[in-house]
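Analysis of the macromolecular model
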Amino acid sequence: MEYLKLIGIVIIVVGFACKLDSILVIMVAAIVTALEAVVEHPRATSLAWAEEASTR
């Protein structure tokens, strides 16, 4: 599943090749990459959020 981490780059390349809106392509790639990180490491992301909330 190491290649799944590169899905954001694939989205950017395909979006620019299809001449889609640049900001939209970058935002979609960022969201998909973030969701992939949460799916791959759900416990690590929830711990990071919990630590941030406890320091406030």
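The rules behind these values
Residues numbered from 1 in each chain as written. Predicted model: local features only at pLDDT ≥ 70, side-chain atom pairs only at ≥ 80, totals over all residues. Heavy atoms only, no water. pLDDT = per-residue confidence, 0-100. Helix = DSSP H or I, 4+ residues; strand = E, 2+ residues; numbered from the N terminus. Patch = residues over 30% accessible without salt bridge, like charges linked within 9 Å, V, L, I, M, F, W, Y side chains within 5 Å. Areas by Shrake-Rupley, 256 points an atom, 1.4 Å probe, with all protein chains shown as cover. Salt bridge = Lys/Arg side-chain N within 4 Å of Asp/Glu carboxyl O. Buried < 20%, exposed > 50% of the residue type's maximum accessible area, 1.4 Å probe, protein only. Contact = heavy atoms within 4.5 Å.

Attention shifts here to the confidence of the model for the protein chain. For the protein chain, mean pLDDT is 84; residues scoring 70 or higher make up 75% of the total. Per-element mean pLDDT across the protein chain ranges from 65 in helix 3 (residues 42-54) up to 97 in helix 1 (residues 7-17).

Moving on: a nonpolar patch on the surface. A cluster of nonpolar side chains, namely Tyr 3, Leu 6, Ile 9 and Val 13, defines an oily patch on the protein surface of about 470 Å² accessible area. Mapping Val 13 onto the fold places it in helix 1.

What follows is about the environment of Lys 5. With respect to the secondary-structure elements, Lys 5 resides in the segment before helix 1. Residue Lys 5 is classed as partly exposed on the basis of its relative accessible area, which comes to 39%. A C-alpha to C-alpha distance of 9.7 Å links Lys 5 and Ala 34, two positions 29 residues apart in sequence. When near neighbours in sequence (up to four residues on either side) are disregarded, Lys 5 contacts Glu 36 and Glu 40.

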